Each structure stands twice: as C-alpha cells, then as structure tokens.
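Single-letter residue listing:
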Amino acid sequence: MNLGVSTYSFWHFEGEKMPINNYLERAAKHGFSGVEILEDHLSGLNTGDLREVKRVAFTLGLSIYAVSIHNDFINPLTGSRDKEVELVKKWLNAAYVLGASIIRINSGRWRTIKSFDELMRNKGKEPPLPGYTEEDALRWVEESIRSLLPTAEDLGIILGLENHWGISGKASNMVKMFNDVPSKYFRAVMDIGNFIEDTYGQLEMIAPYTAMVHAKTYFGGGVWYTLDIDYDRVFNILKNHGFNGWVSLEYEGREDYDTGVAKSRELLLKYIR
C-alpha cells in the first residue's frame, strides 16, 4: 500500500482557504509521497493552471493520485442530473491533466435535511423526497454512472464512489450498484469513518470493490463526530481482500492541522509498512 494525504486534511470547510501550493508544500513537508486534491482547493479548471499545479507537485516529489469532487445525482429532474454528469466529465478531464488515476465521486443525497450538522446528528440518514423511493435514487445514480463510463474509460480514470452519506451511506446499496454497473472503471472509495453503524461489517462488504481508501483520524476530537476506529481490524480487512492501492489520509480532528496530520501519518505508517 501507499500512504498519501488529502488536502482536506489541512482545511475542513471553514476558515480561510490557502492557495493550492500551500497544501502541496505541507503534504511534502510531512513526508507524504502522494496527494489527493480536494476540488475546493483548485481555483478553476483552466488547463494552464492545472498543468502548473502538476508541475509544482512534481518538483515537490508528490504524485497526484486522486481528485475529490462534490456532485449529486439524487434529483428527480433529468436535466439536473444531466448537468451533474457534465460537471463530473469536466473533472475527469481535469484529473487527466493533473495525472490522477481516480476521482472521488458521491451518489448525492435527498437534502430533505438541509443542515449538514443536523444530518450528522442523524447519523447521515434522511427521508426521501415525497413521492420517491430509495430505488428511484439508485436508478438515477446508476444511469448517471453509465453515462460517465465512456469518458472515464477513454481517459483511463476510475470513478470512485465513496460511502459518503446519502444512498452510498449503505454498503448494500453500493454493492448493488457495482453489480448492476460492472466495470473496472467504477469502483469504491472506502471511507473507514463514514459507516457509523455496523462499521466493520459494511467495510467488509465494499472491500472487494475498493480502489482507494480514505483513512479518517480524529486527534483532538472529531469536527462532527469521533469514531473509535480499530485500525488493526480495518487493515486486516483490506489485506484479506488483496488491497494494495493508495491509502489517503483525511484528518478530521480539532487539533491543529499540522500536528494532527503528523500524528496521523505516524499512526497509519504502522499499518502501511
């Protein structure tokens, strides 16, 4: 396995965002050999700017292995889903310029609970829109993925669906989607901190489909919650399924970013080496 870090580990959607080079430099300073770039840290999709990011990463000795984006396919309006598909296509092309091999995508969610903080208090669960069912949402996501696969395959970039609340917050839904849309370019991003209930049983279910791992840590207590993760058990699950890819740190604690990241790297290296 390889250990990298997401730029999310240095910024949790609050406070001032720094230029992307700042996050790349910090990733290199902490001794990581690879970095996952959060969409929010890129100023745009201008090809020249993306090439400059790739150049800077290379000079720092960093591989850009992934790009993490925000999308939402859970919408009854076909036109809205089509716009989301086009958005993901743009990010697939951006990832290609950056040299990434996978983009983290979401299934999306109903948004019947407006506040993310409230959603977290409800353990990521929310009711469907009136008149619709979970089966409708699964169909919308699968149709969207099928629309994206030709572009992903042409560029050689994996669509990595994360267990990130919404429909993909249940391992059984993810497995159904991987079986319904079989492709080596449609795989799972396993977030070890996003299955709040039956954590290890659900991680086991998606392990055979996993192409990348988000390793959560919570030094200083979690921003939204703290999950007491048994890392030995998680990495045994991964090893038992032959996983040898990138483990991407997502530090989500309240301790200072840099000290939390340093402690997280030390923790995870015990399992990677």
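Owing to the predicted nature of the structure, the values given are computational and were not obtained by experimental measurement. (Residues numbered from 1 in each chain as written. Predicted model: local features only at pLDDT ≥ 70, side-chain atom pairs only at ≥ 80, totals over all residues. Heavy atoms only, no water.)

Caption draft 1: Focus on the sheet that holds strand β3 (residues 63-68). With parallel pairing, the 8 strands of this closed barrel are ordered in space as β1-β2-β3-β4-β5-β6-β7-β8. When strand polarity is set aside, the average angle formed by the axes of neighbouring strands in this sheet is 30°. One ladder, built from 4 bridges, connects strand β5 (residues 158-162) with strand β6 (residues 186-191); its direction is parallel. Residue Gly160 lies in a different strand from β6, and its bridge partner there is Arg187. Packing of helix α5 (residues 134-155) onto the sheet brings it into contact with β4 (102-105), β5 and β6, and relative to β5 it is tilted by some 145°. (Pairing = 2+ DSSP bridges. Helix = DSSP H or I, 4+ residues; strand = E, 2+ residues; numbered from the N terminus. Axes fitted to C-alpha atoms, helices over the stretch in contact; angles between N-to-C directions. Contact = heavy atoms within 4.5 Å.)

Caption draft 2: Main features of the pairing of β5. Within β5, 4 of the 5 residues are buried, which leaves it mostly tucked inside the rest of the structure. Bridge count for β4 against β5 is 4 bridges, and the pairing is parallel. For Ile105, the partnering residue across the bridge sits in β5 and is Leu161. (Buried < 20%, exposed > 50% of the residue type's maximum accessible area, 1.4 Å probe, protein only.)

Caption draft 3: Up close: the packing of aromatic side chains. Counting across every chain of the model gives 12 aromatic pairs. Where Trp11 meets Phe13, the ring centres are 5.2 Å apart and the plane angle is 55°; that geometry is what we call tilted. Members of the aromatic cluster, connected to one another through ring pairs, are Tyr8, Trp11 and Phe13. Cation over ring: Arg187 sits above Phe178, and NZ or CZ is 5.9 Å from the ring centre. (Phe/Tyr/Trp six-rings, centres within 6.5 Å; stacked < 30°, edge-to-face > 60°. Lys NZ or Arg CZ within 6 Å of the ring centre and 35° of its normal.)

Caption draft 4: Region of the structure containing the nonpolar core. With 90 residues, the main nonpolar core has Ile103 and Leu159 as its most contacted residues. At 9 residues, α5 tops the list of elements feeding residues into this core. Not counting chain neighbours up to four residues away, the residues in contact with Leu159 comprise Val88, Leu92, Ile103, Ile105, Ile145, Leu148, Leu149, Ala152, Tyr185, Phe186 and Arg187. By size, the runner-up hydrophobic cluster in this structure holds 6 residues, among which are Tyr65, Ile102, Val189 and Met212. (Core = buried A, V, L, I, M, F, W, Y, C linked by side-chain atoms within 4.5 Å.)

Function cannot be read off these values alone, since they describe shape.
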